[in-house]
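Residue-level listing of the chains:
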Amino acid sequence: MQNKDYLLPGVAAILLAVATPIYWLGMSPSVGDYDILWQDMLSLGFYDILFASCLLLNIYIYLNLKHILNEQLNFNHIDLLVLIMVAINTLWLGTLFLDVASTVLPDNIVTQNKDAFLKINLSVSIGAIVILGIIDLFIGILLLAKSTELPTLLKIFAIMSVIQGVIGMTVFLSVTLIFIFPITMIILAMFFLRKPESLELV
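All of the points below concern the structure found in this document.

## Let's talk about the overall build of the chain
Then, in step 1: A count of helical and extended segments in the chain gives 9 helices and 0 strands.
Then, in step 2: Mapped from its N terminus to its C terminus, the chain presents α and β elements in the order α-α-α-α-α-α-α-α-α.
Then, in step 3: The C-alpha atoms of the chain give 18 Å as radius of gyration, which agrees with the globular expectation for 202 residues (17 Å, within 12%).
Then, in step 4: Its C-alpha atoms give the chain principal-axis dimensions of about 60 × 35 × 25 Å.
Then, in step 5: When the 202 residues of the chain are sorted by exposure, 45% land in the buried category.
Then, in step 6: Counting only contacts in the chain whose residues sit at least 6 apart along the sequence, the fraction spanning at least 24 positions is 77%.
Then, in step 7: For the chain, the accessible area works out to roughly 10,300 Å², and carbon and sulfur atoms hold 70% of it.

## A short note on helix α3 (residues 46-73)
Then, in step 1: Across its 28 residues, α3 extends 39 Å between first and last C-alpha, which sits within 8% of the 40 Å expected from 1.5 Å per residue.
Then, in step 2: Backbone geometry just after α3 places Asn74 at a positive phi near 55°.

## Quick look at the side chain of Asp99
Then, in step 1: In this structure, Asp99 sits in helix α5 (residues 96-104).
Then, in step 2: Setting aside anything within four residues of it in sequence, one finds Asp99 in contact with Asp40, Met41, Ser43, Leu44 and Asp48.

## Description of the packing of aromatic side chains
Then, in step 1: For the coordinates displayed, the defined rule picks out 8 aromatic pairs.
Then, in step 2: Their ring planes at 80° and their centres at 5.0 Å tell us that Tyr23 and Trp24 sit as a pair that is edge-to-face.
Then, in step 3: Between the aromatic rings of Tyr62 and Phe157, the centroid separation amounts to 6.3 Å while the plane-to-plane angle is 45°, which identifies the pairing as tilted. Of this pair, Tyr62 sits in helix α3 while Phe157 sits in helix α8 (residues 152-170), and the two are 95 residues apart along the sequence. A single burial state applies to Tyr62 and to Phe157, both of which are buried.
Then, in step 4: Aromatic ring contacts, followed pair by pair, group Tyr23, Trp24, Phe46, Tyr47, Phe51 and Trp92 into a single cluster.

## Things to note about the packing of helix α7 (residues 114-145) against α8
Then, in step 1: Relative to each other, α7 and α8 sit at 150°, their axes nearing to 7 Å. With respect to each other, α7 and α8 are oriented roughly antiparallel. Here α7 and α8 pass one another in a crossing that is left-handed. Contacts from Ile129, Val130, Gly133, Ile134, Asp136, Leu137, Ile139, Gly140, Ile141, Leu143 and Leu144 of α7 reach α8 at Lys155, Phe157, Ala158, Ile159, Ser161, Val162, Gln164, Gly165, Val166, Gly168 and Met169.

The rules we used
Residues numbered from 1 in each chain as written. Predicted model: local features only at pLDDT ≥ 70, side-chain atom pairs only at ≥ 80, totals over all residues. Heavy atoms only, no water. Helix = DSSP H or I, 4+ residues; strand = E, 2+ residues; numbered from the N terminus. Rg over C-alpha atoms; globule rule 2.2 N^0.38 Å. Buried < 20%, exposed > 50% of the residue type's maximum accessible area, 1.4 Å probe, protein only. Contact = heavy atoms within 4.5 Å. Areas by Shrake-Rupley, 256 points an atom, 1.4 Å probe, with all protein chains shown as cover. Expected span 1.5 Å × (residues − 1). Phe/Tyr/Trp six-rings, centres within 6.5 Å; stacked < 30°, edge-to-face > 60°. Axes fitted to C-alpha atoms, helices over the stretch in contact; angles between N-to-C directions. Parallel < 35°, antiparallel > 145°, perpendicular 65-115°, else oblique. Left-handed = near helix turned anticlockwise from the far one by under 90°.

Rendered as structure tokens:
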């Protein structure tokens, strides 16, 4: 792998570190307020694009992490977890179809199915946060189990993943991920942007 191959994942991680708090802080008024959430679901706008961008960037970053771990460190212990993470993020991304449906379907059908749309959206979102928290926890644990063989930045990333996982699983504390997740992404960006020859191969 050439040095340039680290550039795009590194930039993506930085972009995600910036976009995530912008999205969640912007959407914070809708948390716990069904009326505001419903109004947001009735149209496609900036925050929907940002939501999709965050999930797609997350998928891209973790697939590249898996690739780099396999290629450079001969480490494949988290491959399955990353693929499950991709599947969960894809499912979460699918909730945008509810926004599309709310926009294109006749008003009477949308109104009749308001509660169903809200329940699906909230159930998938909360479920995704919990499952992704579990995945983060296990990714961190598996990385730490091989910590003597991994670069320092990956050890720090592993610790942050454990913290994220524990917080994500609690749901009610997950609001703090607005500030913790960007730090994790910056650490991951630093790992991606290191020169290939500086990686500690095993």
